[in-house]
Amino acid sequence: MAATEKTYTIDIHHVTRVEGHGNIKVSTKNGVVKEVKLEIVEANRFFERLVHGMAPHEVPWIVSRICGICCVGHQMTALKAVEAAMGVTPSAQTILLRKLLTESQFIQSHVLHVCFLAVPDFMGVPSVLPLASSHPDVVKRALKLKKLANDYTAAIGGRMLHPMACTVGGFYKVPTQETLENIRNRLVEALPDVTEMVRLVKTLKIPAYERQTEYVSLKDPTEYALYDGTIYSSDTKESVPVERYLEVTNEFTVPHSTTKWSKWHRESYFVGALARVNNNFDQLRPEAKEVADELGLKVPCYNPYMNNVAQMVEVVHCFHNSIAMLEQALNTGLKEEKPTYTPRAGRGIGSCEVPRGILFHDYTFDASGRCIAGNAIIPTSQNINNIERDMEAFVPMMLPVMSQEELALHMEMLLRAYDPCISCSVHMLDVEFVD
Amino acid sequence: MALTVVGLGNPLAGDDAIGLVLVEAVRGAMPDGVVSLLWPEADALTVAHELLSIEGPVLLVDAARMGLPAGASRLFSADEATLRVKHDPASVHGIGVAEGLALASALGRKAAVHVFGVEPFDVSPGAGLSEAMQRRVPDLTQHLLQAVQRLCTLQE
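Structural notes, computed from the coordinates. (Residues numbered from 1 in each chain as written. Chains lettered and ligands numbered in written order. Predicted model: local features only at pLDDT ≥ 70, side-chain atom pairs only at ≥ 80, totals over all residues. Heavy atoms only, no water.)

1. Thoughts on the overall build of chain B
The criterion, for reference: By the criteria applied, helices consist of DSSP H or I runs no shorter than four residues and strands consist of E runs no shorter than two, each listed in order from the N terminus. For each residue, the accessible area found with a 1.4 Å probe, counting protein chains only, is set against the maximum for its type, and the residue is called buried under 20%, exposed over 50%, and partly exposed in between. Here the Shrake-Rupley method, with its probe set to 1.4 Å, supplies the accessible areas, and only the displayed protein chains count as covering residues.
Looking only at helices and strands, chain B has 5 helices and 5 strands in total. If you list the helices and strands of chain B from N to C, you get β-α-β-α-β-β-α-α-β-α. Buried positions account for 48% of the 156 residues belonging to chain B. Counting only carbon and sulfur atoms, one obtains 54% of the accessible surface of chain B, whose full area is about 7300 Å².

Written out as structure tokens, the structure is:
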């Protein structure tokens, strides 16, 4: 069929292998694109209202429930926000343990997404089940890595899901030397499994598509920024402090999405593994840089499908960095602390990188220490605008060479490449009535 | 080969913890050679991973929506459950338990997987079983022991 005759109507209701409900609508007539829309139809969950009236130390545990995959990230970010509001400075030991927890979550989430949700797309199979037959060794290794990451989170945080060991100002209980040694040894033993995963990712056929956009991530002068930093833009090559996050996210609404959209220096921006690797490549562990080179990830990279490759690079980084941090903890030894704080009035803003990108939490407390305002802006809500811009650019580019079925599949793949967490992306619309 | 009985569930989701409670309750009364394990809060991929490390038949004890009256139990093979759940369009970050079982099977696990399912009354967040489920525990414990005996007999 000639491109000028192509009249497609693609209506993918409820995209699978992503978290939450999103629909993709594409309409072309006689080779001309009429409509490209990514509809988000999730309902609000009102977490920001739920925390009203809560004590500072209760907030991080509650908002951890925003996401079962990024529970550590929500907890870390909320802890930082609450500590900023309460004037609490955590110890170096606490920060080290939080960084370990953060990396355990990155390994968990990235292994799950790359191996079990994204790889089937690139290998042309509908789910991980056919891969289990064709590549059983790799899938078994991936299962082992996922289990190891779960155990790693539990070892540091007290349990795998919604850790309870962390609180405002420290940890109620620190892991024993034996526990740290066990995790360190298992991470070292699993390095060959990571290498096999890299080999698998190397075989994937990544669609050749590029669109320049703004990449936004945390940046830290001392290390590859996951736990802390300032907000960096690839457009300006400059950072702003996290306290100015509202100048970055600039949230606005569109009729077809219950998720608020974001934009900064241009019409949309990208957060997540590819943004981090693009912005902070030099600070990756040497082993991760080698893997990036092996997988053909050269920065700056403008192909959103390469986000999954960037996730693999971060798995390698987190493995080696975790081993180094665990060595540090073993060498210095951990001591039990008695975390405490005095409730006071104040506002605090926290930001961490979570697997899907930069996350912001913002809480205000009254003089009795009760929460009176909350705001959480998660990575997927920042990405949704950019995903739709990618779809808008992709469809006319590929319309001449793709059938309706191929185009539909690539739209789904594009959405999944961002590893979106759609349920979490929907947060409360603040309405202010002017008298 | 010895039967392994595994309790699954979330202890912070009401009756979802029934699998853990029942396996804990029958531990001392198991026939010789039967191994009992608890996998609290295990996601589907963890279930698949752990199943691969068990060579013999497995009985998973878990809360299950089966269309039965609340508090009722049923013993069935995992294959039946897989067929039913595969058509569920919901897709979250993880994969479903049935898909986790299918994954273990696709990865070469041959031995049978049975499920002792208990229809929950209430799986709302919160520690502890519902009062109605607590009243059912003595009967369910007996039913589970009978199921274990039956599976052990079938293997002989």
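2. Concerning the sheet that holds strand S5 (residues 113–118) of chain B
Residue and element names in this part refer to chain B. Our working definition: Note on pairing: two strands pair once DSSP finds at least 2 bridges between them. Axes here mean lines fitted to C-alpha atoms, for a helix over just the part in contact, with angles spanning 0 to 180 degrees between N-to-C directions. Any two residues whose heavy atoms approach within 4.5 Å at even a single point are treated as in contact.
Spatial strand order, S2-S1-S3-S5-S4: 5 strands in an open sheet with mixed pairing. On the outer flanks of this sheet lie strand S2 (35–40) and strand S4 (73–77), each paired with one strand and no other. Between one strand and the next, the sheet's axes are offset by a mean angle of 20°, whatever the strand orientation. Sheet topology note: the strand S1 (residues 4–9)/strand S3 (residues 58–63) ladder contains 4 bridges and is parallel. The residue bridging Gly7 from the neighbouring strand is Val61, located in S3. The sheet contacts of helix H5 (residues 131–155) involve S1, S3, S4 and S5, and relative to S5 the element is tilted by about 160°.

3. Considerations on the packing of helix H6 (residues 136–157) of chain A against helix H8 (residues 191–202) of chain A
All names here are of chain A. In plain terms, the rule: Angle categories are assigned with fixed cut-offs, so that under 35 degrees is roughly parallel, over 145 is roughly antiparallel, 65 to 115 is roughly perpendicular, and the rest are oblique. Crossings are classed by handedness, with left-handed meaning an anticlockwise turn of the near helix from the far one by less than a right angle and right-handed meaning a clockwise turn.
In contact at an axis separation of 9 Å, H6 and H8 are set at 130° when each is read in the N-to-C sense. The pairing of H6 with H8 is recorded here as oblique in orientation. Between H6 and H8 the crossing geometry is left-handed. Note on element contacts: H8 touches H6 through Pro192, Asp193, Val194, Glu196, Met197 and Leu200, opposite Val138, Arg141, Lys144 and Leu145.

Note that every value here comes from positions in space, so none of it alone points to a role or purpose.
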